[in-house]
Amino acid sequence: MAEITAGMVKELREKTDAPMMECKKALNEAAGDMGKAEEILRVKLGNKASKAASRVAAEGVVATYIAADGKLGAIVEINCETDFVAKNTDFLAFSNALAGLVAAKNPMDVAALSALDMSGTSVEESRKTLVGKLGENVSVRRFVRVQPKGKLATYIHGGAKIGVMLDLVGGDDGMGKDLAMHIAASKPVSLSKEQVPAALIQKERDIATAKAAESGKPADIVAKMVEGSVQKYLKEVTLLGQPFVKNDKQTVEQLLKGAKASVDSFTLYIVGEGMEKKKDDFAAEVMAAVSAANK
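No experiment lies behind these values; they were computed from the predicted model shown.

Undergrad: Got a minute to help me understand the overall build of the protein in this structure?
TA: Across its full length, the protein carries 12 helices and 10 strands. Taking all 295 residues of the protein together, the buried fraction comes to 39%. Excluding contacts between residues fewer than 6 apart, the proportion of contacts in the protein whose partners are at least 24 apart in sequence is 62%.

Undergrad: It is not clear to me how the sheet that holds strand β2 (residues 73-80) should be interpreted in this structure. Could you clarify?
TA: Backbone hydrogen bonds are what pair the strands of a sheet, in a parallel or an antiparallel way. Spatially, the 3 strands line up as an open sheet ordered β1-β2-β5, and their pairing is antiparallel. Among the strands making up the open sheet, the edge pair consists of β1 (59-66) and β5 (139-146). Mean inter-strand twist for the sheet, computed between neighbouring axes without regard to direction, equals 10°. Taken together, the 7 bridges between β2 and β5 define a ladder with antiparallel strand orientation.

Undergrad: How do you make sense of the pairing of strand β6 (residues 151-157) when you look at a structure like this?
TA: Looking down a regular strand, the side chains alternate between one sheet face and the other. For β6 and strand β7 (residues 162-169), the ladder comprises 7 bridges, and the chain directions are antiparallel. Considered in β7, the bridge of Ala-153 is made with Leu-166. In sequence, β6 turns back onto β7 through a hairpin of 4 residues, with Gly-158 there showing a positive phi of about 65°.

Undergrad: Mind showing me how you'd approach the environment of Val-138 here?
TA: Among the secondary structure elements, Val-138 is positioned in the loop between α7 (123-134) and β5. Along the primary structure Val-138 and Ala-86 are separated by 52 residues, whereas in three dimensions their C-alpha atoms are 9.7 Å apart. Not counting residues within four places of it along the chain, the set of residues in contact with Val-138 comprises Ile-78, Asn-79, Phe-91, Phe-94, Arg-127, Leu-130 and Val-131.

Undergrad: Sorry, what's going on with unusual backbone geometry here?
TA: A positive phi is found at Ala-31, a non-glycine position, where the angle reads about 55°. With respect to the element layout, Ala-31 can be found in the loop between α2 (20-29) and α3 (34-52). Under the relative-accessibility criterion, Ala-31 is labelled partly exposed at 47%.

Undergrad: Is there a simple way to think about the side chain of Arg-127 in this case?
TA: Turning to its location among the elements, Arg-127 is positioned in helix α7. Apart from residues lying up to four places away in sequence, Arg-127 is in contact with Phe-94, Asn-137, Val-138 and Ser-139.

Undergrad: Would you take a moment to explain the packing of helix α9 (residues 198-213) against helix α10 (residues 219-237) for this structure?
TA: Each packed pair of helices is defined by two parameters, the angle between the axes and the distance between the axes. Closest axis-to-axis distance for the α9/α10 pair is 9 Å, and the angle between their directions is 140°. Between α9 and α10, the angle falls in the class oblique. As for how α9 packs across α10, the hand of that crossing is right-handed. Mapping the contact onto sequence places Leu-200, Ile-201, Glu-204, Arg-205, Ala-208, Thr-209 and Ala-212 in α9 and Val-222, Met-225, Val-226, Glu-227, Ser-229, Val-230, Tyr-233 and Leu-234 in α10. A class-by-class count of the residues in the contact of α9 with α10 yields 10 nonpolar, 2 polar and 3 charged.

Undergrad: What should I look at first to understand the nonpolar core in this one?
TA: Judged by nonpolar contacts, the single largest core of 27 residues is most densely connected at Val-76, Ile-78, Phe-91, Phe-94, Leu-98, Leu-113 and Val-138. Only β1, β2, α4 (83-86), α5 (89-105), α7 and β5 provide two or more residues apiece to this core. Core analysis: the next-biggest nonpolar cluster, separate from the first, contains 22 residues, Ala-153, Ile-162, Leu-239 and Phe-244 among them.

Undergrad: When you look at α7 in this model, what are you seeing that I'm missing?
TA: An α-helical turn contains 3.6 residues, so a residue and the one three or four places further along point in the same direction. In a regular helix each residue adds 1.5 Å, so 12 residues correspond to 16 Å; α7 covers 16 Å between its end C-alpha atoms and thus fits that length. Regarding α7, the residues found buried are Val-123, Ser-126, Arg-127, Leu-130, Val-131, Gly-132 and Leu-134. Just beyond α7, the residue with positive phi is Gly-135, at close to 75°.

Basis of the calculations
Residues numbered from 1 in each chain as written. Predicted model: local features only at pLDDT ≥ 70, side-chain atom pairs only at ≥ 80, totals over all residues. Heavy atoms only, no water. Helix = DSSP H or I, 4+ residues; strand = E, 2+ residues; numbered from the N terminus. Buried < 20%, exposed > 50% of the residue type's maximum accessible area, 1.4 Å probe, protein only. Contact = heavy atoms within 4.5 Å. Pairing = 2+ DSSP bridges. Axes fitted to C-alpha atoms, helices over the stretch in contact; angles between N-to-C directions. Parallel < 35°, antiparallel > 145°, perpendicular 65-115°, else oblique. Left-handed = near helix turned anticlockwise from the far one by under 90°. Nonpolar A, V, L, I, M, F, W, Y, C, P; charged D, E, K, R; others polar. Core = buried A, V, L, I, M, F, W, Y, C linked by side-chain atoms within 4.5 Å. Expected span 1.5 Å × (residues − 1).

Given below as structure tokens:
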């Protein structure tokens, strides 16, 4: 059997980014043939990626990109399984590269993004390699590409767990940053009440109706109570209707009017929002380990 040297292992690791022990095993299996070992690793890493794909990835980061001329931007959410991996430099580099790729290539959806070239290989192959290296599922969840009518402003909060991209027409850079921070803190559903999804409004109306019906008041009063509750809800969940976080005496709409500015659009991503996160049951794991040991 050919001798597997540390230099050979290092060379294979540099070519594939695979863990050191995986590289050594592949070289042994390939009897020292570097090309064959690389093929073996690609198969193994692909298999690891396939196995990991069934595991919930609800941690991760939000990454943003703004072109040097400010005329193009992108915001993406990339997921992994643990907060530990979300801080990994390779994971962060992959996430930031994807934000730039979205801005540059304008893919229609995640499938189209996955097929794009990234440093000589596809995004999907790069993702699989990263899965093999990190040992966790990694997934591209969503993204938005923005060609602003005004100036782009971004804000990343909480270890990149919350990300905002805002298109501000008029105003200045300070206002853009303040509004992006406001969005991260107040989490509006939409820009204006006209953009609030009908399903959310109906849900709020149903709740208000049920509460008002218990009051025993006449039907016309109940109707006014319901409408009042709905209007209050719309102010709470829309950016323009919310009190500005740095001065709650005025709404965001009033702030913008005073500066003769407007918000054309915004995107707010919260990592793992709406996803079912893995819940660890330590007691169950211990019992399972004890049971296995007694068999």
